Amino acid sequence: MIDTAGLDEVEIDDRTGLVRVGAGVNLPKLITRCARVGLRGLEVLAGIPASVGGAAVMNAGGRFGAIADTIHAVEIVREDGAVERVERGAIAYGYRASGLAGVVVGVEFGLEPGDPVAIRDRLKSCMAYKKNSQPMAADSAGCCFKNPLLAEPIDGIGEEGARVSAGMLIDRAGCKGLRSGGAVVSGEHANFLVTERGACAGDVIRLMDEVAARVRDTFGVELEREVVVWRRGCKEQLEGSR
Ligand SMILES: Cc1cc2nc3c(=O)[nH]c(=O)nc-3n(C[C@H](O)[C@H](O)[C@H](O)COP(=O)(O)OP(=O)(O)OC[C@H]3O[C@@H](n4cnc5c(N)ncnc54)[C@H](O)[C@@H]3O)c2cc1C
């Protein structure tokens, strides 16, 4: 039997801001707990549905910050079964990427003690921003594509080297409302593909391909998927990146 002890453990030192948690801990619940005891740092991730381990691997984040900003170290189980502590400095964190190889079983955060009321207000405003700009009530996998870096300047979009919004490119390529079976490009935020009753994975994958093709044809920009596509029976991830 797999030993899962510790995966849901939470240790919070509200005096020093040191927070040690198992990778299976629910991130939104941890954010609320830390805000309640007056620890600043995680509240900017309000509204991101994730386990702590998944968020640490994906470097989950958004407009107001990313989880890497608060991480001190992670504990990893390597393929050979060895357990290793990896310090923040040794993790190749980047935009929605960590380069972490192995299974993350625990994460240590360094948060900052602060005023609980101010932290709660910040949490609420980050959540409100997300609710107002994204289809949070619909069924989706979140943003489908990473925000791309422009290889060359594009008029009205951005300079060479700028990271621009994938949602904006998808919207301007005329994709809002585009449909494949039960999957539809959200009218609220074009980087979200929302699903209706009866939608299947194939609908979503076909729609992602169509959206990427339209953005390529319109702007010459290659969108990279943020979602990871797995295929039944395959051990390794067939597509996607860390
Ligand atoms: C409505 C909605 C809104 C979203 N908004 C955002 C957002 O604002 N910002 C953002 O960054 N993301 C967002 N997402 C995407 C999602 O929340 C993040 O990608 C999150 O990090 C996924 O965490 P998870 O625990 O569900 O991981 P999963 O989706 O299960 O896994 C993600 C990847 O991490 C790997 N992984 C998971 N756990 C571990 C582990 N313990 N050890 C090693 N590898 C692991 C998986 O193999 C996979 O490759 C949103 C998703 C939804 C549905």
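Details of the structure are given in the entry above.
In this report, we go over the structure that sits alongside the text. (Residues numbered from 1 in each chain as written. Predicted model: local features only at pLDDT ≥ 70, side-chain atom pairs only at ≥ 80, totals over all residues. Heavy atoms only, no water.)

Let us now look at the packing of aromatic side chains. As enumerated under the stated definition, the model contains 1 aromatic pair in all. Taking the centre distance of 5.3 Å and the plane angle of 80° together, the rings of Phe 64 and Tyr 129 count as edge-to-face. Taken together, the residues Phe 64 in the loop between strand S4 (61-62) and strand S5 (65-66) and Tyr 129 in helix H3 (residues 116-133) connect sequence positions 65 residues apart. (Phe/Tyr/Trp six-rings, centres within 6.5 Å; stacked < 30°, edge-to-face > 60°. Helix = DSSP H or I, 4+ residues; strand = E, 2+ residues; numbered from the N terminus.)

Before going further, it helps to examine helix H1 (residues 27-36). If you check which residues of H1 are buried, you get Leu 27, Leu 30, Ile 31, Cys 34 and Ala 35. For H1, the arc enclosing every buried residue in end-on projection is 130°, short of the 170-degree limit, so these residues lie on one face. Seen from the open side of H1, the exposed residues pointing more than 90 degrees away from its buried face are Lys 29 and Arg 36. Where H1 is buried, its residues contact strand S1 (10-12), strand S2 (18-22), strand S3 (39-40), helix H2 (52-58), strand S8 (103-110) and H3. One or two steps after H1, the chain reaches Gly 38, where phi turns positive at roughly 80°. (Buried < 20%, exposed > 50% of the residue type's maximum accessible area, 1.4 Å probe, protein only. Arc of directions from axis to C-beta. Contact = heavy atoms within 4.5 Å.)

Once that is clear, we can look at the sheet that holds strand S10 (residues 179-180). Strand order across the open sheet formed by 3 strands is S10-S11-S12, with antiparallel pairing between neighbours. Each end of this open sheet is capped by a strand with a single partner; those strands are S10 and strand S12 (193-195). In the sheet, S10 pairs with strand S11 (residues 183-185) via 2 bridges, with the strands oriented antiparallel. The residue bridging Arg 179 from the neighbouring strand is Val 184, located in S11. Packed onto the sheet, helix H5 (residues 201-219) meets S10, S11 and S12 and runs at close to 30° relative to S11. (Pairing = 2+ DSSP bridges. Axes fitted to C-alpha atoms, helices over the stretch in contact; angles between N-to-C directions.)

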